Amino acid sequence: MNTLATFSLFLLLTLYLVGSSTADYKANIFNNLPGNANLTVHCKSAGSDLGTQTITYLHDFTWTINNILKCDMSWGNVKGNFDIFDPKRDASRCAYGNTCFWRVKEDGLYLFIQEHKRLELQFKWPGKIFA
Ligand SMILES: *[C@@H]1O[C@H](CO)[C@@H](O)[C@H](O)[C@H]1NC(C)=O
């Protein structure tokens, strides 16, 4: 290969790697809690604080991220910290390969698993006792 061809190949490879490493993912959280409860969500991604959101009953909020997303969530006196998105864990199991649909319920957090085409319980609220 001549120098120009080598350089072109290098350039294409670089563009490809840069492009793929900045792929955007989405995490959508839907409040399906009982008793019209509001859900408070405070997320961080790769060291940056994304602030606090209050998601009212039957509403949702979407975060666009390109890295791990961890969130503190609370409603009433129930709270927990959850790994909401991890590219290694979720890039292939969430919808369309890039969108994680979470449904927050009384017993815990459900995720829509593309392969099974249904919501599946992933995390229970820590310490929550059911009557
Ligand atoms: C939820 O939040 C909304 C808007 O801030 C508020 O009007 C409502 O009273 C809250 N609901 C409950 C059950 O706390």
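Residues numbered from 1 in each chain as written. Predicted model: local features only at pLDDT ≥ 70, side-chain atom pairs only at ≥ 80, totals over all residues. Heavy atoms only, no water.

### Digging into the sheet that holds strand 8 (residues 108-113)
Here comes step 1: Across the sheet, five strands lie side by side as 4-1-7-8-9; this open sheet has mixed pairing. Looking along the sheet, the strands with just one partner apiece sit at the ends: strand 4 (60-65) and strand 9 (118-124). This sheet shows a mean twist of 25° between the axes of neighbouring strands, independent of strand direction.
Here comes step 2: Sheet topology note: the strand 1 (residues 25-31)/strand 4 ladder contains six bridges and is antiparallel. Considered in strand 4, the bridge of Ala-27 is made with Trp-63. (Pairing = 2+ DSSP bridges. Helix = DSSP H or I, 4+ residues; strand = E, 2+ residues; numbered from the N terminus. Axes fitted to C-alpha atoms, helices over the stretch in contact; angles between N-to-C directions.)

### A short note on the side chain of Glu-120
Here comes step 1: Positionally, Glu-120 belongs in strand 9.
Here comes step 2: A relative accessible area of 18% places Glu-120 in the buried class.
Here comes step 3: Side-chain polar atoms of Glu-120 contact the side chain of His-116, separated by 2.7 Å.
Here comes step 4: Look past the residues within four positions of Glu-120 in its chain and what remains in contact with it is Leu-109, Tyr-110, Leu-111 and Ile-113. (Buried < 20%, exposed > 50% of the residue type's maximum accessible area, 1.4 Å probe, protein only. Polar contact = N/O pair within 3.5 Å; in protein donor to acceptor, adjacent residues only side chain to side chain. Contact = heavy atoms within 4.5 Å.)

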